[in-house]
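Chain residues, written in single-letter form:
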Amino acid sequence: MAGQARPIVTVGDPVLHRPCEPVTRFDGELAALVDDMFASMYAAEGVGLAANQVGVPLRVFVYDCPDAEGVRHKGVVVNPELEVPGLGERRLDAGDEGCLSVPGQYAPLPRPDRATVRGSDVNGEPVTVEGSGLLARCLQHECDHLDGYLYIDRLPAKRRKQVLAAYQESTKADKAPL
């Protein structure tokens, strides 16, 4: 079933800045939401999308993203629980990160280079996703969304202000008269 692309909610919208509610019903409504989320993610040319990014405050995200070896992974995780390596086992990837809810802006953000998410699929069956490279970053990024955080919330205050100022400038440029 093909979903309908929904508008992506941008920084400042309250739905992005509060923790999402757990999914309690695995039904046709959830399946339709997931289809819409995939359609929205592809329309925006993203690699991951959390439900609150389309205005729905539920703990669910979709992804279609390569890992460190370039292998593409695609799926959905409902009610995810994130695990990252402990401090002694952790290697950081300091790559750039961006977000469909802060379009056009990127900043270096160190994150563990491996992550595991455990949750359910759209039917309520257990699912585990282990990621490396970009997939690990994606899993952490989407779980942050569900907890009410954007990647910019993890940046140093000065860098966060720079990213937000650049975003504000870009939105003014988009609305400038011809």
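Since the model is a prediction, treat every value here as computed from it, not as a measurement.

Regarding the sheet that holds strand β3 (residues 72-83)
- Pairing in this open sheet of five strands is antiparallel, and the strands run β1-β2-β3-β8-β9 from one edge to the other. Each end of this open sheet is capped by a strand with a single partner; those strands are β1 (48-50) and β9 (126-132). Here the average twist between neighbouring strands, direction ignored, is 35 degrees.
- Judged from the seven bridges that link them, strand β2 (residues 60-66) and β3 form a sheet pairing that is antiparallel. Paired with Pro 66 across the strands is Arg 72, a residue of β3.
- Taken strand by strand, helix α2 (residues 133-146) contacts β1, β2, β3, β8 (114-120) and β9, and its axis lies near 165 degrees from that of β2.

What about the pattern of salt bridges?
- Applying the stated criterion to the full structure yields 15 salt bridges.
- Residues Asp 147 and Arg 59 are paired through a salt bridge, measuring 3.0 Å at the closest nitrogen-oxygen approach. In this pair, Asp 147 sits in the loop between α2 and α3 (157-174) while Arg 59 sits in the loop between β1 and β2, placing the two residues 88 residues apart along the sequence.
- Here Glu 169 and Lys 172 are joined by a salt bridge, their closest N and O atoms 3.6 Å apart. Linking Glu 169 with Lys 172, this pair stays in helix α3, spanning three residues, or about one helical turn.

About the cut-offs
- Residues numbered from 1 in each chain as written.
- Predicted model: local features only at pLDDT ≥ 70, side-chain atom pairs only at ≥ 80, totals over all residues.
- Heavy atoms only, no water.
- Pairing = 2+ DSSP bridges.
- Helix = DSSP H or I, 4+ residues; strand = E, 2+ residues; numbered from the N terminus.
- Axes fitted to C-alpha atoms, helices over the stretch in contact; angles between N-to-C directions.
- Contact = heavy atoms within 4.5 Å.
- Salt bridge = Lys/Arg side-chain N within 4 Å of Asp/Glu carboxyl O.

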